[in-house]
Amino acid sequence: MKKFSLFIIFLLIIQVDANSKSLLIKPKQILDVRSGMLVNADILIESGVIKKVSRNIPVMSHYEIIDLKDMTILPGLMDAHVHLTGNTDLKGNDGISETSYLATIYGVKNAKQTLMAGFTTVRNVGASYYSDVALRDGIEQKAILGPTLLVSGPPLGITGGHCDSNILPAEYEYKAQGVADGPWEVRRKVRENKKYGADLIKYCATGGVMSKGTNVNNRQYTLDEMKAIVDEAHTLGMKVAAHAHGLEGIRMAIEAGVDSVEHSSLIDQETINLAIAKGVFLAMDIYVSDYILGEGAKNGIPEYSLNKERIVGKRQRENFKMAVESGAKMVFGTDAGIFPHGKNAKQFKYMVEWGMKPIEAIQASTINTAELFGKTNIGEIKETFDADLIGVKGNPLKDITLLENVSFIMKEGQVIK
Ligand code: ARG
């Protein structure tokens with residue numbers, strides 16, 4: 001008995017020791033994402049948290065040194081728009097026979113791929129049967145490896161809209177889980193998502209590209225319904241992300257008080273100004289169009305979607321440029337899941353090509369996402385912040401595509417790569 005309890009104490013000591021292990025990172029330089037300056041400093045990490053950022057921190061004997069002399073260190077990247085349970089291995093309508101169990105298993109694989117690409121926090125916007133909640137909890141409980149997740153559960157949508165499914169005929173009586181019509185029904189749906197563990201609410205404010213029989217230009221939901229969604233979600237402490245391509249839906253979502261407009265493809269100057277005035281973030285996924293139009297057909301994306309993509313893709317990029325030039329609040333969001341997970345960083349190059357300075361593209365994926373996510377402990381390399389870090393060989397302000405090849409990854413003090 002005595003031996004046994006000594007053993008337990010021994011285990012506890014090991015445990016405490018592992019958690020309070022001090023790591024000293026010695027990089028070539030750190031990118032201060034707020035100022036855009038490259039700084040010479042070391043980073044001291046204790047219990048997964050950044051304890052000190054300063055030049056020549058005195059080395060104590062118990063520090064474990066991580067020598068990254070050839071790297072620039074940045075905060076871990078974030079993506080505000082992914083679908084981890086979206087399985088890119090399934091072609092076209094094959095997805096209809098996929099169980100949520102299988103989707104979750106693929107989610108495990110996709111979450112790991114996303115983390116291994118340097119994305120330490122991502123927002124999952126739409127998943128059936130709360131498979132995203134399970135993924136988030138599995139990662140949090142350290143059963144599996146992945147980014148920290150914020151999840152929406154089933155996205156809310158009108159009957160027959162982009163967040164429903166119009167593939168099966170009436171006799172199957174199928175409707176997607178997030179379908180809700182009318183102000184009271186949407187409130188109930190928001191409450192239900194909260195009940196089953198969602199962090200935020202996603203809803204469809206217009207038709208979409210990947211859905212059958214919806215028009216990207218058409219508004220879905222009335223202003224009353226959108227206001228009810230936002231009011232209920234905000235009352236419950238949840239942020240709201242609205243999927244919207246068409247102008248009327250974008251404007252109505254902003255008027256209703258959403259926190260971010262996803263896609264924002266056909267936004268105009270007046271509505272950009274409205275978004276700025278109301279502090280609404282735009283998450284414009286300007287890489288995915290090249291994937292859909294380039295590789296979509298051979299990967300089973302149906303012709304009706306390709307046709308719709310031809311309407312929104314180019315204009316979305318032009319409007320992205322207009323939004324950047326107007327000083328809109330922008331976050332990095334890609335729609336990974338349409339294209340293979342782990343390729344999220346490909347979008348940085350597009351953001352720079354379409355008007356952002358490299359530092360602005362990086363800010364979109366760090367401090368801006370942190371603000372949208374309501375998190376005050378990630379997105380910067382700063383004392384008291386979580387030790388979510390990445391390292392690249394070279395200067396990403398000179399070559400943004402370096403972010404596509406991350407050499408070092410740390411999540412909450414744990415070296416992942
Ligand atoms: N999930 C979106 C939809 O189906 C994808 C839009 C992709 N196209 C784009 N240009 N962003 O509507």
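First, a word on scope: everything that follows refers to the structure included in this document. (Residues numbered from 1 in each chain as written. Predicted model: local features only at pLDDT ≥ 70, side-chain atom pairs only at ≥ 80, totals over all residues. Heavy atoms only, no water.)

This next bit is on the side chain of His162. Relative to the helices and strands, His162 resides in the loop between strand E8 (148–151) and helix H4 (183–195). In terms of polar contacts, His162 uses its side chain to reach the side chain of Ser211, at 2.7 Å. Those residues within four positions of His162 in sequence are excluded, and the remaining contacts are Cys204, Thr206, Gly207, Gly208, Val209, Met210, Ser211, Thr214, Gln220 and His243. (Helix = DSSP H or I, 4+ residues; strand = E, 2+ residues; numbered from the N terminus. Polar contact = N/O pair within 3.5 Å; in protein donor to acceptor, adjacent residues only side chain to side chain. Contact = heavy atoms within 4.5 Å.)

Another point: the packing of helix H7 (residues 269–277) against helix H9 (residues 303–326). H9 packs onto H7 with a crossing angle of 45° between their chain directions and a minimal axis gap of 10 Å. Between H7 and H9, the angle falls in the class oblique. Viewed along their axes, H7 and H9 form a crossing whose handedness is right-handed. In this structure, H7 contributes Gln269, Ile272 and Ile276 to the contact, and H9 contributes Asn319, Met322, Ala323 and Ser326. Split into classes, the residues belonging to the contact of H7 with H9 amount to four nonpolar, three polar and no charged. (Axes fitted to C-alpha atoms, helices over the stretch in contact; angles between N-to-C directions. Parallel < 35°, antiparallel > 145°, perpendicular 65-115°, else oblique. Left-handed = near helix turned anticlockwise from the far one by under 90°. Nonpolar A, V, L, I, M, F, W, Y, C, P; charged D, E, K, R; others polar.)

As a further point, take the packing of helix H5 (residues 223–235) against helix H6 (residues 247–256). For the pair H5 and H6, the least separation of the axes is 9 Å and the interaxial angle reads 45°. The angle between H5 and H6 places the two elements in the oblique class. Classified by chirality, the crossing of H6 by H5 is right-handed. Facing H5, whose interface residues are Leu223, Met226, Lys227 and Val230, H6 presents Gly249, Met252, Ala253, Glu255 and Ala256. A breakdown of the residues in the contact of H5 with H6 according to their chemical character gives six nonpolar, one polar and two charged.

Note on sheets: strands pair through backbone hydrogen bonds, and any given pair is parallel or antiparallel. As summarised here, the arrangement of the five strands in space is E9-E10-E11-E12-E13, forming an open sheet in which the pairing is parallel. Taken across any chain shown, the strands that pair with only one partner, and hence form the sheet edges, are strand E9 (200–204) and strand E13 (330–331). In this sheet, E13 lies alongside strand E12 (residues 281–283) in parallel orientation, the contact comprising two bridges. Across the sheet, residue Leu282 finds its bridge partner in E13, namely Met330. (Pairing = 2+ DSSP bridges.)

Now for the site of the ligand. Surveying the vicinity of the ligand reveals 16 residues, the closest of which are Val209, Met210, His245, Glu309 and Asp335. With respect to the ligand, the backbone of Val209 contributes an N or O atom lying 2.7 Å from an oxygen atom. In the model, a nitrogen atom of the ligand is placed 2.9 Å from a nitrogen or oxygen of the Asp285 side chain. For the ligand, whose accessible area on its own is 350 Å², the fraction buried by protein is 97%. It is H9 that provides the largest number of residues to the shell around the ligand, a total of four residues. When the residues that make up the shell around the ligand are grouped by side-chain class, the tally is six nonpolar, seven polar and three charged. (Near = heavy atom within 4 Å. Areas by Shrake-Rupley, 256 points an atom, 1.4 Å probe, with all protein chains shown as cover.)

A few words now on the nonpolar core. Counting residues in hydrophobic clusters, the biggest one holds 83 residues, and the most contacted among them are Tyr203, Tyr221, Ile229, Val258, Leu282, Met330 and Phe348. Not counting residues within four places of it along the chain, the set of residues in contact with Tyr203 comprises Leu156, Tyr221, Met226, Ile229, Val240, Ala241, Ala242, His243, Ala253 and Val258. Counting 17 residues, the second largest nonpolar core, distinct from the first, contains Ile30, Ile66, Leu68 and Leu389. (Core = buried A, V, L, I, M, F, W, Y, C linked by side-chain atoms within 4.5 Å. Buried < 20%, exposed > 50% of the residue type's maximum accessible area, 1.4 Å probe, protein only.)

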